[in-house]
Amino acid sequence: MKSSTQFRTIVLSDIHLGTAGSKAKEATEFLRNYSCQKLILNGDIIDGWQLKQYGTWKKKHTAFFKTVLKQIVHYDTKVIYLRGNHDDFLDQVMPLKVGKNFSIRKDYTLNSGSKKFYITHGDVFDSITSQMKWLAYLGDLGYTFLLWVNKFYNHYRTWRGLPYYSLSQRIKGRIKQAVSYISDYEQKLTELARARNCDGVICGHIHQPAIHNFDGILYMNSGDWVESLSALVEDHDGNWSLLYYTSDLDEDEEEKNQLAPYSETIQH
């Protein structure tokens, strides 16, 4: 058994296993490359919404959880699965603890050095998903359609030798209402952290990886594994950063899966 880990904490969210857009293979490769003492799966790991309608569970989706189990076995990793809006079926079983290393919860408070972080998926502040679920499903269909179009568009870009391009992220960055929503979302989450006497908040939900400071409260979003392919990591000194998964199909197998640290790092 290996006694050392590369990180103290890894936070992954919004993998959406069971959907065509999920980058399950890449998320699994990420966990095969990096080890941690504590792994936080921060919501929308399994997409129950699409599995009920038109999603498909594949071997690569099962492989992700097999890799999570290997983290527990080889590194004694503590795994905390927080419920998101797309995996709200977990409401029927949580809180649930299996052994000493696996639990399913609604939220979690993490001690990081001398600081405390409130961790939540983030959909609690989304009035659309909490109060008008039918409209949220409609929005989910639109997002799925964008990903479908984006898939074929990027096949064309690959043929032309061009890099990956995200239509949905481009749209979210250009539409005023979307930009305003993201700003309000970040502000509300930091207010929640302050109300809980925490130094920061860690969330997901909106598929926008970020590290920001709002009036002394740290906002961190782990992004997603549909387009951003990002994760939040904490080193053993309590420093936080974003990691992005990248893949270059033209390189050798040994060099195909490179994990590059985000340039912004928060130090205690």
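Computed from a predicted model, the values in this text were never measured in an experiment.

(A) Spotlight on the nonpolar core. Grouped together as the largest cluster of nonpolar side chains are 29 residues, with contacts concentrated most on I10, L12, F30, L39, F64 and W225. For this core, the elements supplying multiple residues, two or more each, are strand 1 (7–12), helix 1 (24–33), strand 2 (36–42), helix 3 (59–75), strand 3 (78–82), strand 11 (230–234) and strand 12 (240–247). Among the elements that make up this core, the one with the highest residue count is helix 1 (four residues). Not counting chain neighbours up to four residues away, the residues in contact with L12 comprise F30, L31, L39, I40, L41, N42, I45, F64, S222, W225, S230 and A231. Formed by 15 residues, the second largest nonpolar core is a distinct cluster that contains Y108, L110, F117 and L218.

(B) Region of the structure containing the side chain of T28. Along the polypeptide, T28 turns up in helix 1. Residue T28 is classed as buried on the basis of its relative accessible area of 3%. Leave out the neighbours within four places in its chain, and T28 touches K60, A63, F64 and T67.

(C) Representation of the packing of helix 1 against helix 3. Packing of helix 1 against helix 3 leaves a shortest axis separation of 8 Å and a crossing angle of 15 degrees. In terms of orientation, helix 1 and helix 3 fall into the roughly parallel class. Remark: the crossing between helix 1 and helix 3 carries left-handed chirality. Where helix 1 abuts helix 3, its residues A24, A27, T28, L31 and R32 lie against K60, H61, A63, F64, T67, V68 and Q71. Classifying every residue of the contact of helix 1 with helix 3 by side-chain character gives six nonpolar, four polar and two charged.

About the criteria used
- Residues numbered from 1 in each chain as written.
- Predicted model: local features only at pLDDT ≥ 70, side-chain atom pairs only at ≥ 80, totals over all residues.
- Heavy atoms only, no water.
- Core = buried A, V, L, I, M, F, W, Y, C linked by side-chain atoms within 4.5 Å.
- Buried < 20%, exposed > 50% of the residue type's maximum accessible area, 1.4 Å probe, protein only.
- Helix = DSSP H or I, 4+ residues; strand = E, 2+ residues; numbered from the N terminus.
- Contact = heavy atoms within 4.5 Å.
- Axes fitted to C-alpha atoms, helices over the stretch in contact; angles between N-to-C directions.
- Parallel < 35°, antiparallel > 145°, perpendicular 65-115°, else oblique.
- Left-handed = near helix turned anticlockwise from the far one by under 90°.
- Nonpolar A, V, L, I, M, F, W, Y, C, P; charged D, E, K, R; others polar.

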